[in-house]
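Breakdown of the fold
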Amino acid sequence: MPKQLSAKPCRDGHRLKKFIKGGDGLTVVKTGNGIFMKTGTSELETRDKKVLIADWNALMRVFIRPEDEACRVTLIKYMEQILFGLHEFLGKHVGITENVSLKKLASQFKSTAICDNPEKKLSEVIRELIKEISPYGVNVASPYFVGHMTSAIPFFMVHLKTIAAALNQNLVKLETSKIFSILEKQVLAKIHRLIYQFHESFYCEHVQNVNTTLGSFVEGGTTANLTALWVARNRLFAPTDDFGGVEAEGINAAYRKYGVRRAVILVSRRGHYSLRKAGGILGIGNRNILPIDVDYAHRMDVRHLEETIKSIKKDGDTAIIAVVGVAGTTETGAIDPLKKIGELCARENIFFHVDAAWGGPTLLSDTHRNLLEGIELADSVTIDGHKQFYMPMTCGMVYFKDPYAMDVVRYHANYVNRHGSVDLGIKSLPGSREANSMILDSALKIMGKKGYALLIEHGIETARKLADEIEKRELFDLVTRPQLNILTYRVCPPHLKDILKNGTDVERTETVKRLNHINKTIQRIQREAGRSFVSRTTLMRRQYENGIVVLRCVIMNPMTNMRILNEILDEQEEIFRQAFPDEIP
Ligand SMILES: *Cc1c(COP(=O)(O)O)cnc(C)c1O
């Protein structure tokens, strides 16, 4: 018998002492959480033999609603456990410790059979998740966790997510969402307006227009980018009198019809790898996602873009589906010169997509919105809700300047998404999906533009202070100055800095190799110590074949401050001194 079942008799049992007959004649005790326990004559005599069974009555109890006082008390008790039990974990635990290795954890999760009868009661499952599983998760809410784009979320998000789950609306169609579809159109228009700032009359016309679409909620930035490029591809290889369009006839037929050998998408070398996935899925091949060089600050080099477009057009056998500008690259937070790229695309008549998965919400800050100047020139824009809108996983969005743009990805089915209905699933990559739009809309109401602006400003300003601090410390080398709230740097003692500056090519290459090793090691040791977490990435540089390894800080948690960041830098210095005593000046 599994260990957890030999534990104390069900604590809820005595509250609902209601005995009924089980199907096989054994007495079954009805417990508060809806699962039944088979017992003999008395609970005490048989406490070691209790077995949970699944039967129709048990099932009915699983679909319990808080219909009477006892159920209500039980359900509230679980919610308390979830909200505060987890909170305790989040308070104590920091980072990704190696107290228990991944290998050891994996060895405990190898059985692959699904149990016939229930293994555990809900209360046990919750207890186990809180006490035994969560401590080995990662505390992304810690202010010392500054390595990734996933961070603390305001507590009210948990409430909103619970409402979304409790109502279980499905936004694929009106018949399973009704007002939530209407609410979604409204919030789409709000964010569209934030990006494009069209006239009031435009939004009056489109906010609830059943024939137009200002954007779409999807799973994440990856599917948002895919949706945008799907639209761009279908626009380029549109139907003609004797051609059904690429969506209907496929990519080969489209190339034949349009007289090209291939189609390409142009994006900065720092573009997100989801764009390459889109290349694969859209049938153009991910090798045809062509990287454009970046300048010293990792922004797309517009001159190189212009030359690339010219030479492609001269060849004549290649179609350009889109140019993608990035507003906040994943690695360094760089923002491409959107205005220049947008103007170039307009002149060349090329679809312009902006991947603002990360940087989009910067538009909420009047102080920093100018960083994204030119985003309004984009034909489409990706924004992630689960990043700087501080929403729970996962919420991607894509917006289109042209309210009819998504007509080229329209699908109908007889039982759902009928012609002329407001069904949001008609023009949408996902099918069924939850009411994420309700969460975003509520969050906007709770936070206001100003509330979000404070978060954005805290991130950008703290990142700038951290950059100054790194420059002050002689053991560090700031690699990318933050344009938003992401910066990269590395540990680099003065004598190695000197070689990088004055050494021969061979010496410099050797030093970069050495520094890469040092920084990889420091990042790993710090991560395994579990007090704090900074990520690492490798920035490709033409002169260094294997790139340069950098430490990467993403500052979005409002609890992260300079005191904490200084502690993190101190810890890195300390690790460096201990692990590389020979390199100490
Ligand atoms: C995070 C990110 C993505 C991918 O988004 P997911 O939500 O992880 O799918 C794409 N582009 C950029 C710039 C990102 O920061």
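Remember, it's a predicted structure, so these values are computed and weren't measured experimentally.

1. Details of the overall build of the protein
- Helix and strand counts for the protein come out as 17 helices and 15 strands.
- Counting the 585 residues in the protein, one finds 52% classified as buried.
- Intrachain contacts of the protein at a sequence separation of at least 6 include 67% that bridge at least 24 residues.

2. Looking at helix α16 (residues 505-529)
- Compared with the 36 Å implied by 1.5 Å per residue over 25 residues, the 36 Å span of α16 between its first and last C-alpha is a close match.
- Taken residue by residue, α16 has Thr 511, Val 512, Leu 515, Asn 516, Ile 518, Asn 519, Thr 521, Ile 522, Gln 523 and Gln 526 as its buried positions.
- Buried residues in α16 make contact with β13 (486-491), α15 (494-502), β14 (535-541), β15 (544-554) and α17 (562-579).
- Gly 530 occupies a position one or two residues after α16 and carries a positive phi of about 80 degrees.

3. Quick look at the pairing of strand β12 (residues 476-480)
- Across the 5 residues that make up β12, a large majority, 5, are buried.
- Where β12 and β13 come together, 4 bridges link them in antiparallel fashion. Bridged to Phe 476 within β13 is Val 491.
- Joining the antiparallel neighbours β12 and β13 is a turn of 5 residues.

4. A look at the packing of helix α14 (residues 436-472) against α17
- Between α14 and α17, whose axes approach to 11 Å, the crossing angle comes to 40 degrees. It follows from the interaxial angle that α14 and α17 lie oblique. Here the hand of the crossing between α14 and α17 comes out right-handed. On α17, the residues that touch Thr 462, Lys 465, Leu 466, Glu 469 and Ile 470 of α14 are Met 562, Leu 565, Asn 566 and Leu 569.
- Looking at side-chain class alone, the contact of α14 with α17 contains 5 nonpolar, 2 polar and 2 charged residues.

5. Section: the sheet that holds β14
- Taken together, the 4 strands give an open sheet; going across it, the order is β12-β13-β15-β14, and neighbouring strands pair in antiparallel fashion. Looking along the sheet, the strands with just one partner apiece sit at the ends: β12 and β14. Shown here is a sheet whose adjacent strand axes are inclined to one another by a mean of 45 degrees, direction ignored.
- Bridge count between β13 and β15: 4 bridges; the pairing is antiparallel. Bridging across to β15, Thr 488 finds its partner in Arg 552.

6. Re the site of the ligand
- Around the ligand sit 15 residues in total, of which Gly 221, Thr 222, Asp 355, Asp 384 and Lys 387 are the nearest.
- Within the contact set of the ligand, an oxygen atom lies 2.8 Å away from a backbone nitrogen or oxygen of Gly 221.
- His 386 is positioned with one of its side-chain polar atoms (N or O) 2.9 Å from an oxygen atom of the ligand.
- For the ligand, whose accessible area on its own is 380 Å², the fraction buried by protein is 87%.
- Cavity membership is defined here by more than half of the atoms lying within 2 Å of grid points; on that basis the ligand lies in the second largest pocket.
- With 3 residues, helix α8 (residues 221-236) is the largest single contributor of residues to the shell around the ligand.
- The residue makeup of the shell around the ligand, split by class, is 3 nonpolar, 9 polar and 3 charged.

7. Quick look at the sheet that holds strand β7 (residues 289-292)
- Taken in spatial order, the 7 strands line up as β5-β11-β10-β9-β8-β6-β7 in an open sheet, and their pairing is mixed. Edge strands, defined here as strands with exactly one partner in the open sheet, are β5 (215-218) and β7. Going from strand to strand, the sheet's axes swing by 20 degrees on average, the running direction of each strand aside.
- Here 4 bridges tie strand β6 (residues 262-268) to β7, and the two strands are oriented parallel to one another. Pairing of Ile 265 across the sheet is with Ile 289, part of β7.
- This element, α8, spans β5, β6, β8 (318-326), β9 (351-355), β10 (380-384) and β11 (396-400) of the sheet and lies at about 145 degrees to β8.

8. Some points on the nonpolar core
- One finds Leu 266, Phe 389 and Tyr 452 to be the most contacted residues of the largest nonpolar core, which totals 69 residues.
- Counting residues per element, this core draws most heavily on α14, at 10 residues.
- Two domains each provide a minimum of three residues to this core, namely domain 3 (169-433) and domain 4 (457-583).
- The contact partners of Leu 266, leaving out residues within four places of it in the chain, are Leu 290, Ile 292, Leu 305, Thr 308, Ile 309, Ile 312, Ile 320, Ala 322, Val 323 and Val 324.
- Listed in part, the 36 residues of the second largest apolar core include Leu 478, Val 512, Ile 522 and Leu 539.

9. Topic: the layout of surface pockets
- For the second largest pocket, the calculated volume is near 720 Å³.
- The wall of the second largest pocket is formed by 35 residues, among which Gly 271, His 272, Tyr 273, Ser 274 and Thr 330 lie closest to the centre.
- Counting residues per element, the ones that place at least two in the lining of the second largest pocket are α8, β6, α11 (274-281), β7 and β14.
- Considering only residue class, the lining of the second largest pocket consists of 12 nonpolar, 15 polar and 8 charged.

10. A few points about the environment of Asn 99
- Here Asn 99 is to be found in the loop between α2 (69-92) and α3 (102-107).
- Judged by relative accessible area, which is 69%, Asn 99 ranks as exposed.
- On a C-alpha basis, the gap between Asn 99 and Glu 528 in space is 8.1 Å, while along the polypeptide they are 429 residues apart.

11. So, the confidence of the model for the protein
- Counting all residues, the mean pLDDT for the protein is 89, and 89% of those residues have values of 70 or more.
- Throughout residues 1-47 the model reports pLDDT below 50, and contacts reaching past four residues in sequence, or to other chains, amount to 97 contacts.

12. Focus on helix α5 (residues 156-167)
- With 12 residues, α5 ought to run about 16 Å at 1.5 Å a step, and its terminal C-alpha atoms sit 17 Å apart, in line with that.
- Among all positions of α5, only Phe 156, Met 157, Leu 160 and Ala 164 are buried. Down the axis of α5, the smallest arc covering the buried residues is 105 degrees, so these residues share one side. Pointing more than 90 degrees away from the buried face of α5 are the exposed residues Ala 165 and Ala 166.
- Those residues of α5 that are buried lie in contact with α14.
- Of the residues flanking the end of α5, it is Asn 168, one or two places downstream, whose phi is positive at about 50 degrees.

What counts, and at which threshold
- Residues numbered from 1 in each chain as written.
- Predicted model: local features only at pLDDT ≥ 70, side-chain atom pairs only at ≥ 80, totals over all residues.
- Heavy atoms only, no water.
- Helix = DSSP H or I, 4+ residues; strand = E, 2+ residues; numbered from the N terminus.
- Buried < 20%, exposed > 50% of the residue type's maximum accessible area, 1.4 Å probe, protein only.
- Contact = heavy atoms within 4.5 Å.
- Expected span 1.5 Å × (residues − 1).
- Pairing = 2+ DSSP bridges.
- Axes fitted to C-alpha atoms, helices over the stretch in contact; angles between N-to-C directions.
- Parallel < 35°, antiparallel > 145°, perpendicular 65-115°, else oblique.
- Left-handed = near helix turned anticlockwise from the far one by under 90°.
- Nonpolar A, V, L, I, M, F, W, Y, C, P; charged D, E, K, R; others polar.
- Near = heavy atom within 4 Å.
- Polar contact = N/O pair within 3.5 Å; in protein donor to acceptor, adjacent residues only side chain to side chain.
- Areas by Shrake-Rupley, 256 points an atom, 1.4 Å probe, with all protein chains shown as cover.
- 1 Å grid on protein atoms, 1.4 Å probe; cavity = no way out; pocket = protein on both sides within 12 Å on 5 of 7 lines; lining within 4 Å.
- Sits in = over half its atoms within 2 Å of the grid points.
- Core = buried A, V, L, I, M, F, W, Y, C linked by side-chain atoms within 4.5 Å.
- Domains from an automatic or database assignment.
- Points joined across faces, edges and corners; volume = space filled by probe spheres on them.
- pLDDT = per-residue confidence, 0-100.
- Arc of directions from axis to C-beta.

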